Amino acid sequence: GKLSLFTEAPLDVLFEVFSNLEPLDLLRMSRTTKTLRSLLMDKSYISVWQSALEGIEGLPPVIEGLSEPQYVNLMFDNHCHV
């Protein structure tokens, strides 16, 4: 589909797009394809998650023991993943 074309974009372009997403949008994007999940869950993309979280005023800091994506899931997703 058309989403596969998105994943073929240069990494710097993807990084720029991801850097402008809200935390929940970033989480949802990571759930669309295996390629995007692998990319966004890579530790080298932690700054994208941190940037998304910094944009939310009054949000408590990431809980110790959770990764940024896990924290976003906990704080913004409507589903419980216990």
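Residues numbered from 1 in each chain as written. Predicted model: local features only at pLDDT ≥ 70, side-chain atom pairs only at ≥ 80, totals over all residues. Heavy atoms only, no water.

1. Regarding the overall build of the chain
Here comes step 1: Each helix and strand in the chain was counted, giving six helices and zero strands.
Here comes step 2: For the chain, the succession of helices and strands along the chain, N to C, is α-α-α-α-α-α.
Here comes step 3: In terms of overall size, the chain behaves like a compact globule, its C-alpha atoms giving a radius of gyration of 13 Å where 82 residues would be expected to give roughly 12 Å.
Here comes step 4: Within the chain, the proportion of its 82 residues that are buried is 27%.
Here comes step 5: Taking as baseline every contact in the chain between residues at least 6 positions apart, the subset at least 24 positions apart corresponds to 43%.
Here comes step 6: Positive and negative side-chain charges in the chain, numbering 6 and 11 respectively, have mean positions lying 12 Å apart. (Helix = DSSP H or I, 4+ residues; strand = E, 2+ residues; numbered from the N terminus. Rg over C-alpha atoms; globule rule 2.2 N^0.38 Å. Buried < 20%, exposed > 50% of the residue type's maximum accessible area, 1.4 Å probe, protein only. Contact = heavy atoms within 4.5 Å. Lys, Arg positive; Asp, Glu negative; His and termini not counted. Charge placed at Lys NZ, Arg CZ, Asp CG, Glu CD.)

2. Focus: the environment of T35
Here comes step 1: As for its placement among the helices and strands, T35 is situated in helix α4 (residues 34–40).
Here comes step 2: Distance in space between the C-alpha atoms of T35 and E68 is 19 Å, their sequence separation being 33 residues.

3. Points about the pattern of salt bridges
Here comes step 1: For the coordinates displayed, the defined rule picks out one salt bridge.
Here comes step 2: Note that R31 and D77 form a salt bridge whose closest N and O atoms lie 2.9 Å from each other. In this pair, R31 is assigned in the loop between α3 (23–30) and α4 and D77 in the segment after α6 (68–76), connecting sequence segments 46 residues apart.
Here comes step 3: Given the relative accessible area of 41%, R31 is considered partly exposed. (Salt bridge = Lys/Arg side-chain N within 4 Å of Asp/Glu carboxyl O.)

4. Quick notes on the packing of aromatic side chains
Here comes step 1: Throughout the structure, instances matching the rule amount to two aromatic pairs.
Here comes step 2: Seen in terms of ring centroids, F15 and Y45 are 5.7 Å apart; in terms of plane orientation they differ by 65°. Their pairing is edge-to-face. With F15 in helix α2 (residues 11–18) and Y45 in the loop between α4 and α5 (46–54), the pair connects residues that are 30 residues apart, well separated along the chain.
Here comes step 3: Aromatic side chains F18 and Y45 sit 6.3 Å apart centroid to centroid with 65° between the ring planes, which places their arrangement in the edge-to-face category. Taken together, the residues F18 in helix α2 and Y45 in the loop between α4 and α5 connect sequence positions 27 residues apart. Taken as a pair, F18 and Y45 share a single burial class, namely buried.
Here comes step 4: Put simply, the rings of F15, F18 and Y45 touch in pairs and so form one group of aromatic residues. (Phe/Tyr/Trp six-rings, centres within 6.5 Å; stacked < 30°, edge-to-face > 60°.)

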